[in-house]
Structure formats: C-alpha cells, structure tokens
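Spelled out, the chains give:
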Amino acid sequence: MKKAVFFLTLAFLFLNLSPLSAYMVKYKEDYYKLFHVHYQQLPDDCIENIYWLEKAVQADFANPMYARAKIRDERDWEKYRYMFMMHVNLKLIEQHMRLGRVYDHQVARFYDAPWKDVYTEDLKKAKSCYEAGLVYWKEAKVWAEKANAARFNFLYLTDIQGWEDERDRIGNGTLDYEKILNREINRVQSVIDAFTAMETKSY
C-alpha cells in the first residue's frame, strides 16, 4: 500500500514538472501593468517606473479585446488609444516629479554652506527632472485634446473613469502641470542661486 502511494505521488510530481508557458511583454498594456507605485519611492523605484512607462509609449497597442476598458466599436477604440497615451504621459510627469523631490532642497540655510556644492548638484538634478516633466505635459495635452474632440461628446469609457477625469480636468484647465512644474523650476533655481551666493564656511 505504501509503495502504491509513493509511486502515485512520484507520478503526480512528474506530471506537474511540465514547462510553464512564458508570457511575453510586448504591448503597451503589458508594460503599463509593470508600472507600480511603491509605498516609499526610492530613486531606483522611480527610474524603474519611468523605464516601463517609456516602453509603454514606444510599444504597439494590444488587440482591443485586451484593452483596459470595454471596447464596443471603432470610436471607443480611437478614444481609448488617445486617453491611454495621455494617461501614460501624466504618469511620466508624476514619476519625474517624485524623482526630482528626492534631490530637491526646499531652502538654502546658512548652515548648509559647507555642503553647498553637493546640494547645488542635487538641485540641478531636481531641476532637470521637473524640466523633463514639461516635455511630457506637452504630449499629454496633445492626446487630451484629441480625446476631447467633438465626435467623442457624450462618449465615456466608464471602465477608465479616472482617465476620463484627467481628460476633463486638462480640458477645463483645472489640471495644469505646466504651471506646477514652472513654479518648481523657478523655486529650485532660486535655491541654486542662494547656494551659489554663499561663502563656504564651517559651522
């Protein structure tokens, strides 16, 4: 009896050792699934997310049956594609802002003078992240404008209501990353100028 149980268990194990099917990451939707927000965003986490989102921008769309919303006709499909591109560009802005905050020093305090060169280099990295966000904002606005075309009036893809909200907010001006990013860029530059004007002292 024990031998029979042993051989049955062995046969079961061998049957389960068949190779698993591989899943190829190929389409925009596949790369978007790899994007995720960590509880604590370290620089490497932001850079990883930026990488996946950039790959999503460059890839082809999957078949409409695999879209992140129910697609009923070609008009749904067209609007979905515009909103996907808009949303991904908005996420790229968010990730660049998160990365920028890692290097951002909000103010230049007098006792930071001994490390002003290090802080200035960090601030330049932060500024470049915010400036990159402006490029993605231009893209996001283009796609939002396409999704706001008159032929899409009264067409709402309710499965991606969050994206619809983003599109609407861009259209009515309540979401304006250009204003936010320019404010941050100007603030960072003023902190850089303050550090540059400091005399190097030891406290």
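Residues numbered from 1 in each chain as written. Predicted model: local features only at pLDDT ≥ 70, side-chain atom pairs only at ≥ 80, totals over all residues. Heavy atoms only, no water.

Undergrad: What am I meant to see in the overall build of the protein chain here?
TA: Counting its regular elements, the protein chain contains seven helices and zero strands. Listing every helix and strand of the protein chain by position from the N terminus yields α-α-α-α-α-α-α. Of all 203 residues assigned to the protein chain, the portion counted as buried reaches 39%. Carbon and sulfur atoms form 56% of the exposed surface of the protein chain, whose accessible area is close to 13000 Å². (Helix = DSSP H or I, 4+ residues; strand = E, 2+ residues; numbered from the N terminus. Buried < 20%, exposed > 50% of the residue type's maximum accessible area, 1.4 Å probe, protein only. Areas by Shrake-Rupley, 256 points an atom, 1.4 Å probe, with all protein chains shown as cover.)

Undergrad: I tried to follow the packing of aromatic side chains on my own but got confused; where do I start?
TA: Summed over all chains, the structure comprises 17 aromatic pairs. On the numbers, 5.4 Å between centres and 75 degrees between planes, the contact of F61 with F84 is edge-to-face. Pair noted here: F61 is in the loop between helix 3 (43–58) and helix 4 (74–103) and F84 is in helix 4, with a separation of 23 residues, a long-range link. Overall, F84 belongs to the buried group, its relative accessible area being 0%. Arranged with centres 5.7 Å apart and planes meeting at 75 degrees, the rings of F84 and W163 form a pair that is edge-to-face. With F84 in helix 4 and W163 in helix 6 (residues 161–172), the pair connects residues that are 79 residues apart, well separated along the chain. Each member of the pair, F84 as well as W163, carries the same accessibility label: buried. Each residue in the set Y32, F35, F61, W77, Y80, F84 and W163 is aromatic and connected to the rest through ring pairs, giving one cluster. Between K28 and the ring centre of F61, over which it is positioned, the NZ or CZ distance is 5.1 Å. (Phe/Tyr/Trp six-rings, centres within 6.5 Å; stacked < 30°, edge-to-face > 60°. Lys NZ or Arg CZ within 6 Å of the ring centre and 35° of its normal.)

Undergrad: Just to check I follow, could you spell out the nonpolar core for this structure?
TA: Inside soluble globular proteins, nonpolar side chains tend to come together where they are buried. One finds Y80, L90, I93, W163 and Y177 to be the most contacted residues of the largest nonpolar core, which totals 48 residues. Counting residues per element, the ones that place at least two in this core are helix 3, helix 4, helix 5 (116–147), helix 6 and helix 7 (177–197). A per-element tally of this core places helix 4 first, with 13 residues. (Core = buried A, V, L, I, M, F, W, Y, C linked by side-chain atoms within 4.5 Å.)

Undergrad: Teacher, can you tell me more about helix 4 here?
TA: Since the α-helix advances by 3.6 residues per turn, residues separated by three or four positions end up pointing in the same direction. Taking 1.5 Å per residue as the helical rise, helix 4 with its 30 residues ought to reach 44 Å, and the 45 Å between its terminal C-alpha atoms agrees with that figure. Within helix 4, 22 of the 30 residues are buried, leaving the element largely enclosed by the surrounding structure. (Expected span 1.5 Å × (residues − 1).)

Undergrad: In this structure, what is going on with the side chain of K116? I would like to understand it.
TA: Along the chain, the position of K116 falls in helix 5. We note that K116 is buried and unpaired, the nearest opposite charge coming from D117 at a distance of 5.2 Å. (Lys, Arg positive; Asp, Glu negative; His and termini not counted. Salt bridge = Lys/Arg side-chain N within 4 Å of Asp/Glu carboxyl O.)

Undergrad: Just checking my understanding: could you explain the environment of D165 for this structure?
TA: Positionally, D165 belongs in helix 6. For the pair D165 and L175, spaced ten residues apart in sequence, the C-alpha separation works out to 9.9 Å.

Undergrad: What exactly am I supposed to notice about the environment of L134 here?
TA: Within the secondary structure, L134 is located in helix 5. A sequence separation of 45 residues divides L134 from K179, and the C-alpha atoms of the two residues are 9.5 Å apart. If sequence neighbours within four positions are ignored, L134 has contacts with E178, L181, N182 and I185. (Contact = heavy atoms within 4.5 Å.)

Undergrad: Whenever I open this one, the packing of helix 4 against helix 7 confuses me. Can you help?
TA: How two helices sit against one another is set out by the angle between their axes and by the gap between those axes. For the pair helix 4 and helix 7, the least separation of the axes is 12 Å and the interaxial angle reads 15 degrees. By the angle class used here, helix 4 and helix 7 are roughly parallel. Considering how the two elements wind past one another, helix 4 and helix 7 form a crossing that is left-handed. Residue-level contacts link L90, I93, E94 and M97 of helix 4 to Y177, I180 and L181 of helix 7. Tallied by class, residues from the contact of helix 4 with helix 7 come to six nonpolar, no polar and one charged. (Axes fitted to C-alpha atoms, helices over the stretch in contact; angles between N-to-C directions. Parallel < 35°, antiparallel > 145°, perpendicular 65-115°, else oblique. Left-handed = near helix turned anticlockwise from the far one by under 90°. Nonpolar A, V, L, I, M, F, W, Y, C, P; charged D, E, K, R; others polar.)

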